[in-house]
Amino acid sequence: GFGVEAVRHAQAAQDWALATRLLTDHWLSLHLEGQEATAHTLLAAFPDEFRTTRAELAAIAAADELAQGSMAAAQGFLGLAEQLIASVPQAGRSQAEALLGTVQMMLSGRIGDQQARTRHARGLLSAPTGEGTPPAASEDSRVFALVEIGDSETWAGRLDDAESHLEQAIALARRNSRPYLEFMGLVYRAEIELNRCIPRTAELCQPAIELAERHGWTDDLFAGFNAMTLGAALAWQGRLDEAEGWVERAQLIFRAEANPAAAMGGQYVRGQLELGRGRFGDAVAAFRAAQRMAGPHPLARPLRAWLVHALVLAGDTTDADRFLASLSERDRDRAEMRIAAASLWLRRENPRAAAAALAPVVDASAKAGWQAWLAEAFLLEAITRDALGDPAAAGRALERALDLAEPNGALLWFLMHPAPDLLESHARHGTSHPAMIAEILSQLAKTGSGPSPTRPRPPIEPLTEGEIRVLRYLPTHLSAPEIAGELYVSTATVKTHLRSVYAKLGVHRRAEAVASARALGLLAPSGVQG
């Protein structure tokens with residue numbers, strides 16, 4: 001029962017065939033017990049030529065390179081293992097194929113290719129037990145496959161199937177005393193709730209946190225996944241201070257060269273957090289970094305909509321326009337891209353175009369792949385109808401947005417598209433969501449985006465055309481030189497107009513000028529300008 005010692009004795013005797021078989025028997029157990037350093041040492045003790053002439057050792061070398069963070073080297077060894085598999089004697093072929101399938105499954109997950117990941121995992125589940133394969137290794141392989149299938153089903157949106165497979169895997173891992181497999185299953189199980197019931201996510205992350213602390217896995221890749229999931233859930237609920245700590249913890253663990261899919265996910269969640277914070281330039285940077293690593297990952301498509309949102313909120317409408325134009329017509333017609341385009345039209349003070357972009361989403365002819373997008377669509381529809389002077393339609397759309405958002409406690413959309421005056425008015429006229437509106441207004445007040453307590457007095461004299469042009473850039477958070485660049489005037493001219501605008505509105509700060517101008521109708525309502 002001492003697998004590591006057995007491998008070492010076989011190596012000391014230079015019985016490389018026996019050493020290869022023993023390492024093949026025990027490698028998965030080492031991996032699932034977090035003993036990748038031990039596996040690395042055992043592999044390094046083989047003569048170099050054995051790693052390039054034996055399929056089993058080439059596959060283990062691929063897994064070792066993954067653990068060391070070299071994706072290219074891992075792919076090279078895996079390709080070699082695939083070529084060599086036919087040379088394995090029939091007696092050990094099934095076991096070698098299972099080992100190869102396990103590493104193929106791991107690599108597919110690292111690059112975010114969920115279809116390949118599922119295919120390899122299902123192959124492991126249906127594979128017969130090879131001659132001479134230890135029963136424990138076969139059982140570990142099947143539980144590992146169940147965990148991987150469960151997570152890939154989550155990404156495919158088959159949440160009930162994912163839950164079933166993960167619960168089965170967790171139960172088997174506990175029965176077989178495999179705490180690391182249990183840890184993996186718990187992490188992926190919590191991930192499901194980001195798509196189904198965000199408030200439950202934190203509750204389900206806790207057992208994984210406790211297991212990681214008990215076994216010293218707090219810097220493990222799956223601890224990073226768990227931190228990312230928890231950070232995302234907290235960000236969606238508007239608990240941004242708490243979220244930031246978990247997102248930072250995840251990003252410290254993830255390395256792009258070792259696991260591009262994980263690093264991409266970390267940047268994706270970071271971008272969402274920065275949008276909630278109002279740090280739009282940082283959100284753009286995070287989403288651009290995520291886009292560079294996205295590859296075939298299922299998040300690649302919604303990531304594009306998030307990037308457009310960030311560009312719009314950062315005031316970079318030209319780049320947002322250019323990015324939308326680079327997409328195919330089919331992609332631009334997707335629900336999430338129509339919603340992003342609507343936010344661009346609202347920034348450009350064209351609510352009619354925004355309404356046209358949103359129409360297929362709100363009438364359900366353009367299906368949203370993720371139901372949370374619908375809450376944003378109806379929020380933007382409310383802002384649009386308010387801008388078009390239709391308060392009744394705005395109220396109906398806002399109530400629908402709240403209906404969709406409240407079960408998940410999803411405040412993030414309302415922080416991204418602040419409409420405090422609209423929310424306050426809606427609360428006064430009756431809503432089924434008074435508590436949620438109060439929470440949103442409280443969060444907005446912390447960021448300086450709350451409702452104006454009183455209507456300010458009109459300007460002491462009308463604003464000039466040049467002053468109004470500068471005023472329209474104030475909600476974008478662009479600096480004076482950046483506004484000057486947008487308007488093709490000097491920075492000194494922008495600063496002169498700003499001083500005059502502040503004096504005429506009787507304010508002293510930029511946020512006060514924006515709030516006053518909106519209340520006076522000099523700017524579109526909150527959410528239209530951002």
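Overview of the structure.

Reading guide: rules and limits
The residue numbers shown here count from 1 along each chain, following its written sequence. For a predicted model such as this one, the threshold for reporting local features is a pLDDT of at least 70, and the threshold for listing and counting side-chain atom pairs is 80 or more; totals across whole chains, interfaces and linings nevertheless cover every residue. Where side-chain values are given, they derive from all heavy atoms of the structure, hydrogens and water being excluded. A run of H or I in DSSP becomes a helix once it reaches four residues, and a run of E becomes a strand once it reaches two; helices and strands are each numbered from the N terminus. Each residue's exposure class comes from its accessible area (1.4 Å probe, protein chains only) as a fraction of the maximum for that residue type: buried when under 20%, exposed when over 50%, partly exposed otherwise. In this analysis, two residues are considered to be in contact whenever any of their non-hydrogen atoms come within 4.5 Å of each other. Within this document, salt bridges are pairs made up of a side-chain nitrogen of Lys or Arg and a carboxyl oxygen of Asp or Glu, the two lying within 4 Å of each other. Here a pair means two rings of Phe, Tyr or Trp (six-membered ring of Trp) with centres within 6.5 Å. Their orientation is stacked below 30 degrees between planes, edge-to-face above 60, and tilted elsewhere. Should the NZ of a Lys or the CZ of an Arg lie within 6 Å of a ring centre and within 35 degrees of the ring normal, that charge is described as sitting over the ring. Only the contacting stretch of a helix is used when fitting its axis, a line to C-alpha atoms as for every element, and angles between N-to-C directions run 0 to 180 degrees. Each crossing gets its handedness from the near helix: less than a right angle anticlockwise from the far helix is left-handed, clockwise is right-handed. In this count, Pro and Cys sit with the nonpolar residues alongside Ala, Val, Leu, Ile, Met, Phe, Trp and Tyr, while Asp, Glu, Lys and Arg are called charged and the others, Gly among them, polar. For the purposes of this analysis, a disulfide is any pair of cysteine sulfur atoms at a distance within 2.5 Å. Only buried residues count toward a nonpolar core. Its members are Ala, Val, Leu, Ile, Met, Phe, Trp, Tyr and Cys residues joined through side-chain atoms within 4.5 Å. An expected span of 1.5 Å times one less than the residue number is assigned to each helix. An angle below 35 degrees is treated as roughly parallel, one above 145 as roughly antiparallel, one from 65 to 115 as roughly perpendicular, and anything else as oblique.

Here we take up the overall build of the chain. Within the chain one finds 30 helices and 0 strands. Per-residue burial for the chain yields a buried fraction of 55% across its 530 residues. Contacts spanning at least 24 positions in sequence make up 64% of the contacts within the chain whose residues lie at least 6 apart.

Here we take up the pattern of salt bridges. Going through the model one piece at a time under the given rule, you end up with 35 salt bridges. Residues Arg 304 and Asp 331 are paired through a salt bridge, measuring 3.4 Å at the closest nitrogen-oxygen approach. Placement of Arg 304 in helix 17 (residues 300-313) and of Asp 331 in helix 19 (residues 329-332) is noted, with a sequence separation of 27 residues between them. This pair shows no difference in class: Arg 304 is buried, exactly as Asp 331 is. The network of salt bridges with shared partners includes Asp 241, Glu 244, Glu 248, Arg 270, Glu 274, Arg 277 and Arg 279.

Turning our attention to the packing of aromatic side chains. Applying the stated criterion across every chain, the model contains 18 aromatic pairs. Arranged with centres 5.1 Å apart and planes meeting at 90 degrees, the rings of Tyr 180 and Trp 217 form a pair that is edge-to-face. Taken together, the positions of Tyr 180 in helix 11 (residues 179-192) and Trp 217 in the loop between helix 12 (198-215) and helix 13 (221-236) put the pair 37 residues apart, joining distant regions of the chain. The class of Trp 217 is buried, set by a relative accessible area of 11%. Between Phe 225 and Phe 254 the ring centres are 5.7 Å apart and the planes differ by 45 degrees, which places this aromatic pair in the tilted class. Here Phe 225, found in helix 13, pairs with Phe 254, found in the loop between helix 14 (240-253) and helix 15 (260-277); they are 29 residues apart in sequence, far enough to count as distant. When its relative accessible area of 12% is taken as the criterion, Phe 225 is described as buried. For Phe 254, a relative accessible area of 8% gives the class buried. An aromatic cluster of at least three residues, connected via ring pairs, comprises Tyr 180, Phe 183, Tyr 188, Trp 217, Phe 222, Phe 225 and Phe 254. Geometry around Trp 246 places Arg 249 over its ring, the cationic atom sitting 4.3 Å from the centre.

Remark: helix 21 (residues 351-362) packs on helix 22 (residues 372-387), axes separated minimally by 9 Å, with the N-to-C direction vectors making an angle of 145 degrees. The handedness of the crossing between helix 21 and helix 22 comes out as left-handed. Contacts from Pro 351, Ala 354, Ala 355, Leu 358, Val 361 and Val 362 in helix 21 reach Leu 374, Ala 377, Phe 378, Leu 380, Glu 381, Thr 384, Arg 385 and Ala 387 in helix 22. Residue composition of the contact of helix 21 with helix 22, by class: 11 nonpolar, 1 polar and 2 charged.

Right, let's get into the state of the cysteines. Scanning the model with the defined rule gives 0 disulfides in all. Cysteine Cys 197 shares no disulfide, and the gap to the nearest cysteine sulfur, in Cys 205, comes to 13 Å. Judged by its relative accessible area of 0%, Cys 205 is buried.

Positioned with a positive phi, Gln 14 is a non-glycine residue whose angle comes to about 60 degrees. Structurally, Gln 14 can be placed in the loop between helix 1 (3-12) and helix 2 (16-32). A residue is classified by how much of its surface remains accessible, and Gln 14, at 57% relative accessible area, is exposed. Located in the positive-phi region is Tyr 488, a residue other than glycine, with phi close to 60 degrees. With respect to the secondary-structure elements, Tyr 488 resides in the loop between helix 28 (480-487) and helix 29 (491-505). By relative accessible area, which is 76% here, Tyr 488 ends up exposed.

The next subject is the nonpolar core. Membership of the largest hydrophobic core comes to 164 residues, with the highest contact counts inside it found for Trp 27, Phe 183, Leu 275, Trp 306, Trp 413 and Phe 414. Looking at this core, the element that brings in the most residues is helix 13, giving 11 residues. Leaving out residues up to four positions away in the same chain, Trp 306 has contacts with Trp 236, Tyr 268, Gln 272, Leu 275, Phe 287, Trp 370, Trp 373, Leu 412, Trp 413 and Met 416. Membership of the second largest hydrophobic core comes to 21 residues, among which are Tyr 473, Leu 474, Ala 480 and Val 514.

Spanning 14 residues, helix 11 covers 20 Å between terminal C-alpha atoms, matching the ideal 20 Å at 1.5 Å per step. Among the 14 residues of helix 11, 13 are classified as buried, and the element is accordingly described as predominantly covered.

Right, let's talk about the environment of Arg 385 for a bit. Secondary-structure assignment places Arg 385 in helix 22. With a relative accessible area of 24%, Arg 385 lands in the partly exposed category. With 34 residues separating them in the primary sequence, Arg 385 and Pro 351 have C-alpha atoms 7.7 Å apart. If we ignore the near neighbours within four places in the chain, the residues touching Arg 385 are Ala 355, Asp 390, Ala 393 and Ala 394.

With that settled, the discussion passes to the packing of helix 2 against helix 3 (residues 36-44). At a closest axis distance of 8 Å, the pairing of helix 2 and helix 3 adopts a crossing angle of 155 degrees. Relative to helix 3, helix 2 is oriented roughly antiparallel. Between helix 2 and helix 3 the crossing geometry is left-handed. Two secondary-structure elements touch here, helix 2 through Leu 23, Trp 27, Leu 30 and His 31 and helix 3 through Glu 36, Thr 38, Ala 39, Leu 42 and Leu 43. When the residues that make up the contact of helix 2 with helix 3 are grouped by side-chain class, the tally is 6 nonpolar, 2 polar and 1 charged.

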